[in-house]
Amino acid sequence: MWNQYISAATTDDVIKHLSEHGAQARIVAGATDLILELERGIRPGVETLIDVSRIPNLNRITLDEDGIIHLGPLVTHNQVATSKLLRERAYPLVRASWEVGAPQIRNRATVAGNLITASPANDTITPLIALDAWVVLKSMRGERQVKLQNFYTGVRKTVLQPDEMLVDIAFKGLDANQRGTFVKVALRRAQAISVINLAIVLSFQDTVITRAAITLGAVAPTIIHAEMAEAYLIGKELTDQVIERAAELARNAARPIDDIRSSADYRREMVRVFTARALQAIHNGREQAGMPANPVTLMSANLENIPANFSSTQHGKESLIHTRINGQEFTFTGGSEKTLLRLLREDAGLIGTKEGCAEGECGACTVFLDGSAVMACMVPAPRADGAEIVTIEGLANGDKLHPVQDAFIQDGAVQCGYCSPGFLMSAAKLLEERSSPTRNEIEQAITGNLCRCTGYYKIVQAIENASKVQET
Ligand SMILES: Cc1cc2nc3c(=O)[nH]c(=O)nc-3n(C[C@H](O)[C@H](O)[C@H](O)COP(=O)(O)OP(=O)(O)OC[C@H]3O[C@@H](n4cnc5c(N)ncnc54)[C@H](O)[C@@H]3O)c2cc1C
Ligand code: FES
Ligand code: FES
């Protein structure tokens, strides 16, 4: 899929390599978009990947003295979904990030990657435009700041130049007089692309609206403002009639297409319905309804796990990958152009980790990478260099099965068994994260795992029973 893989240690290394390789190089962060794009031939001519995921401090969410919130380019969706600062000051973004994919995807996928892929259905662009965000782009030529609104030139097209790296996403956090929300309409509750999405940010003086931003995703080539609806709301209170009229105006702004997920008419109507519901929810103070206070992440408690003395490394065809799997040291030669899933199965002989889809959709390949559950089919193998990996073969403690393994056997939660390694890994990570998960938290934890045999009832029951055994 690529000829050369560079693991960069600093931002300066990245922009130097970008300037040398031009359009033949591409930055890789979580790889959840790029791996698929390379496989599908959407990025012809890309030969070099520059992995930025080990550069220190790029995964920080900070508030500066001017009240500006900054997201580093490695901030993942799960970090956003669980950030207290963002929950208070940027709820629409938190909701959008929580709605992306499934836990294993959100542990690797970055907000920066989501902005740059630039699909009009991508979830975090809509709230960030409503929040009036800007991005900072850096190259050997210097830095420039671009309003997110002006970043997009068409479907999957941006003003980012091949030699530029996005180094900051910034916006002013919401203050006490501002309220907002995000709504995603999709064909399933997880692992689904938006049929439409929308974000609303309103500023109030008492109950009167002084500023309004309503942004719409998946209804035009880029994210758009519903300008007439925004203008209409200024100076008004959120009465039923005002909400109804604003929702109609938002619907009129949408210019959707018919596609496999929905007709254009349905999309327009959903814009009306969900704009009205979102405005009503803001009016009733219920705009955060349905969002868990403490979302399940399956994420490592320690995200600062860059190997000691890490320096920029170039992986070619014959390079070595040194990694620890299930507590044992491994050295591989020649696996640098593969995914981690293939490395585990073909080179380490660990075939318990399954390939169901190779597209990040089914969860059969779930492993722990540096303590977080991830889809191994979405991880480039060289990212395993210097990393700590746990696979299904490492879940048991010697001869003693993990409580979730025991419970799956006791409760008959396995039929063909193909999906089971993935479910067991997600379940084990969930019980590490919280010892007595609720049924809803169990369901959240396995949203990234598909089973075509069991109907899930026994799987959920087994995880619940495993948590009880673990408690005793
Ligand atoms: C199963 C599955 C489900 C998904 N569900 C959703 C969903 O529900 N909603 C949604 O919006 N998306 C979804 N996605 C898409 C994807 O996960 C997101 O777009 C994700 O945020 C991309 O981030 P990444 O770090 O993985 O990007 P990568 O794949 O690493 O990179 C994406 C693009 O950004 C560029 N890039 C990354 N970082 C930088 C940087 N700092 N500077 C310059 N260029 C950079 C890369 O070169 C590449 O072109 C899903 C993907 C999968 C596989
Ligand atoms: S998610 Fe990796 S094989 Fe399906
Ligand atoms: S048991 Fe067969 S796919 Fe889950």
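Here the structure is a predicted model, which is why all the values come from computation and not from measurement.

1. As for the overall build of the protein chain
Of the regular secondary structure elements, the protein chain holds 17 helices and 20 strands. The globule rule puts the C-alpha radius of gyration for 472 residues at 23 Å, and the 23 Å found for the protein chain is close to it. Its C-alpha atoms give the protein chain principal-axis dimensions of about 70 × 55 × 45 Å. Relative to its 472 residues, the protein chain shows a buried fraction of 50%.

2. Here's the deal with the nonpolar core
One recurring pattern in soluble globular proteins: nonpolar side chains tend to sit buried together. Ranked by size, the top nonpolar core spans 146 residues in total, and within it I200 and L216 carry the most contacts. Looking at which domains feed residues into this core, each of domain 1 (56-283) and domain 2 (314-471) supplies at least three.

3. Some points on the environment of N449
Here N449 is to be found in the loop between α16 (439-445) and α17 (457-471). Taking the number of C-beta atoms within 10 Å as the measure of exposure, N449 has 27 and is therefore buried. When the C-alpha atoms of N449 and V75 are compared, they prove to be 24 Å apart, with 374 residues separating the residues in sequence. For N449, the contacting residues outside a window of four places in its chain are G363, T366, C419, G422, F423 and S426.

4. Considerations on the site of ligand 1
Ligand 1 sits among 30 residues. The nearest are G30, G101, G113, N114 and G360. Of all the secondary-structure elements, those providing two or more residues to the shell around ligand 1 are β2 (25-28), α7 (111-117) and β10 (165-172). It is α7 that provides the largest number of residues to the shell around ligand 1, a total of five residues. Lining the shell around ligand 1 are residues from two domains, each supplying at least three of them: domain 1 (56-283) and domain 2 (314-471).

5. What to know about the sheet that holds strand β7 (residues 142-147)
With respect to topology, five strands assemble into an open sheet ordered β4-β5-β10-β6-β7, the strand pairing being antiparallel. At either margin of the open sheet sits one strand with a lone partner, and together these are β4 (61-63) and β7. Each neighbouring strand pair of the sheet contributes to a mean axis angle of 25°, computed without reference to strand direction. Sheet analysis places strand β6 (residues 134-139) next to β10, joined by five bridges and oriented antiparallel. Paired with W134 across the two strands is A170, which belongs to β10.

6. Description of helix α11 (residues 240-253)
Helix length check: α11 (14 residues) gives 20 Å between terminal C-alpha atoms against 20 Å at 1.5 Å per residue, within 8%. If you check which residues of α11 are buried, you get I243, A246, A247, L249, A250, R251 and A253.

7. A closer look at the domain arrangement of the protein chain
In terms of domain boundaries, the protein chain breaks down into domain 1 (56-283) and domain 2 (314-471). Computed over C-alpha atoms, the centres of domain 1 and domain 2 are 32 Å apart. On the side of domain 2, 13 residues touch domain 1, which itself brings nine residues to the contact. Residues that form the side of domain 1 that touches domain 2 fall into these classes: four nonpolar, four polar and one charged.

8. Focus: the packing of α11 against helix α12 (residues 264-283)
Across the interface, α11 lies against α12 with an axial gap of 8 Å and an inter-helix angle of 145°. The handedness of the crossing between α11 and α12 is right-handed. Two secondary-structure elements touch here, α11 through I243, E244, A246, A247, E248, A250 and R251 and α12 through R268, E269, V271, R272, T275, A276, L279 and Q280. Across the contact of α11 with α12, the residue classes tally to seven nonpolar, two polar and six charged.

9. With respect to the pairing of β2
Note on strand geometry: in a regular strand, side chains alternate between the two faces of the sheet. Alternating positions in β2 separate into two faces, A25 and I27 on one and R26 and V28 on the other, with burial throughout. The pairing of β2 with strand β3 (residues 48-51) spans four bridges and is classified as parallel. Its bridge partner lying in β3, I27 is registered against I50. Handedness of the β-α-β unit built from β2, helix α2 (residues 34-39) and β3 comes out right-handed.

10. As for the environment of Q161
With respect to the element layout, Q161 can be found in the loop between β9 (157-158) and β10. C-alpha of Q161 to C-alpha of L18: the two residues are 143 residues apart in sequence and 9.9 Å apart in space.

11. Observations regarding the sheet that holds strand β15 (residues 313-315)
Spatially, four strands are ordered β2-β3-β1-β15 in an open sheet, and the strand pairing comes out mixed. If you trace the sheet from one side to the other, it starts and ends with β2 and β15, each paired once. Between one strand axis and the next, the sheet turns by 20° as a mean value, whatever way the strands run. Sheet topology places strand β1 (residues 4-7) next to β15; three bridges connect them, and they run antiparallel. Paired with S7 across the bridge in β15 is T313.

12. Some remarks on the pairing of strand β16 (residues 320-325)
Only one face of β16 is buried, namely the one carrying I321, T323 and I325, since none of L320, H322 and R324 on the opposite face is buried. Inspection of the sheet shows β16 paired to strand β17 (residues 328-333) by six bridges, in the antiparallel sense. Each residue of the ladder has a partner; that of T323, found in β17, is F330. In this structure, the hairpin formed by β16 and β17 is closed by a connection of two residues, where N326 is found at a positive phi of approximately 50°. In this sheet, strand β20 (residues 388-390) lies alongside β16 in parallel orientation, the contact comprising two bridges. Directly across from R324, in β20, lies its bridge partner E388.

13. Comments concerning α12
Between its terminal C-alpha atoms α12 stretches 29 Å, which fits the 28 Å expected from 20 residues at 1.5 Å a residue. Within α12, burial applies to R267, R268, M270, V271, F274, T275, A278, L279 and I282. Buried residues of α12 fall within an arc of 155° about the axis and therefore sit on the same side. Positive backbone phi, approximately 70°, marks G285, located one or two places after α12.

14. Describing the environment of L369
Following the sequence through the fold, L369 ends up in strand β18 (residues 366-369). With 23 C-beta atoms packed within 10 Å, L369 lands in the buried category. Discounting residues that sit within four places of it in the chain, L369 has contacts with V374, V379, A387 and I389.

What counts, and where the lines are drawn
Residues numbered from 1 in each chain as written. Chains lettered and ligands numbered in written order. Predicted model: local features only at pLDDT ≥ 70, side-chain atom pairs only at ≥ 80, totals over all residues. Helix = DSSP H or I, 4+ residues; strand = E, 2+ residues; numbered from the N terminus. Rg over C-alpha atoms; globule rule 2.2 N^0.38 Å. Buried ≥ 20, exposed ≤ 12 C-beta atoms within 10 Å, placed from the backbone. Core = buried A, V, L, I, M, F, W, Y, C linked by C-beta atoms within 7 Å. Domains from an automatic or database assignment. Contact = placed C-beta atoms within 7 Å. Near = placed C-beta within 6 Å. Pairing = 2+ DSSP bridges. Axes fitted to C-alpha atoms, helices over the stretch in contact; angles between N-to-C directions. Expected span 1.5 Å × (residues − 1). Nonpolar A, V, L, I, M, F, W, Y, C, P; charged D, E, K, R; others polar. Left-handed = near helix turned anticlockwise from the far one by under 90°. Right-handed = clockwise from strand over helix to strand, strands pointing away. Arc of directions from axis to C-beta.

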